[in-house]
Amino acid sequence: MSDARTETGTEEIHANDADQGIGSVSNRLNWLRAGVLGANDGIVSVAGIVVGVAAATAEVSAILVAGIAGLLAGAFSMAAGEYVSVSTQRDTEKALLDKERWELANMPDQELDELARMWEAKGISPDLARKIAEELTERDALRAHAEIEFGIDPHDLTSPWHAALASFVAFTVGALLPMAAIILPPTSLRVPVTFGAVVIALVITGTVSARLGGADARRAAIRTVVGGALAMVVTYVVGHLVGVGV
């Protein structure tokens, strides 16, 4: 019976490792989805700017300057916001980990009992839950507690600098599409080409982000396209009125 329990406990620990792998994949998918949404922001923001300026003037230099300004402002804003957000999250995670280290150092028996109870709450039998808790504690006590209590891997905290860089790059990549679409075609085709290119790009980003998030792709794509198209229409009308007024 003891051997059977040991084997079952080992299988459960392997299952826990598999869950950690699944969590890692989930984190990567969340990063990918954030990147897609960042690119979507870059597309819509800069498309609205360049379409509005193109409606007011045919000067390529004016359109280019406005587009570059919008790209840089948006990319740095996204990066700064992501850095602050992730830094706050990381500080919170560090505080939780420091508290957990203190508890493990000062009341290890209570912490072991707590870990065993948490495994019992997952549907594991008391004896097996105790053995799993003991083996995980021997392997890495802090990680065992942090992952089951807070969903944190203490050895793989999110870097605010990585998050900021990813947001900056994603926004920039998205912004380059409307920039190219408004600059390259002849004057008479600038706005139609940009509008068409942006709509196609928004269909793609909306569909991808929905699939990564497990949502309905068609509805997400429609919402994304409608929002982006509305932004371009509004800025075009405003730019046209300003151009006529000037």
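See the structure above.
Notes on the structure follow. Everything quoted here is computed from the prediction, not taken from an experiment.

1. Some words on the side chain of T194
With respect to the helices and strands, T194 occurs in helix α6 (residues 190-213). Among the polar contacts listed, one links the side chain of T194 to the backbone oxygen of R190, at a separation of 2.7 Å. Residue contacts for T194: discarding those within four places in its chain leaves V51, P178, A181 and I182.

2. Section: the pattern of salt bridges
Taken as a whole and judged by the stated rule, the model has seven salt bridges. The shortest N-O distance in the salt bridge between D98 and R101 comes to 2.9 Å. One end of the pair is D98 and the other is R101, both in helix α2 (residues 60-106) and three residues apart, which spans about a single turn. On the accessibility criterion, D98 (47% relative accessible area) is partly exposed. Salt-bridge contacts for R143 lead to E147; the nearest nitrogen and oxygen are separated by 3.1 Å. With a gap of four residues between them, R143 and E147 both fall in helix α4 (residues 126-150), about one helical turn apart. For E147, a relative accessible area of 21% corresponds to the partly exposed category. Connected through salt bridges with shared partners, the residues D113, R130 and E134 form a single ionic network.

3. What about the nonpolar core?
Of all hydrophobic cores here, the largest spans 11 residues; its members are L112, L115, A116, W119, I124, L128, A129, I132, A133, L136 and A144. For this core, the secondary structure elements donating two or more residues are α3 (108-121) and α4. Counting residues per element, this core draws most heavily on α4, which supplies six residues. Once you skip the residues sitting within four places of it in the chain, A133 turns out to touch L112, L115 and A116. If you look at the next biggest cluster of nonpolar residues, it comprises 10 residues, including V50, L71, A75 and F171.

Rules behind the numbers
- Residues numbered from 1 in each chain as written.
- Predicted model: local features only at pLDDT ≥ 70, side-chain atom pairs only at ≥ 80, totals over all residues.
- Heavy atoms only, no water.
- Helix = DSSP H or I, 4+ residues; strand = E, 2+ residues; numbered from the N terminus.
- Polar contact = N/O pair within 3.5 Å; in protein donor to acceptor, adjacent residues only side chain to side chain.
- Contact = heavy atoms within 4.5 Å.
- Salt bridge = Lys/Arg side-chain N within 4 Å of Asp/Glu carboxyl O.
- Buried < 20%, exposed > 50% of the residue type's maximum accessible area, 1.4 Å probe, protein only.
- Core = buried A, V, L, I, M, F, W, Y, C linked by side-chain atoms within 4.5 Å.

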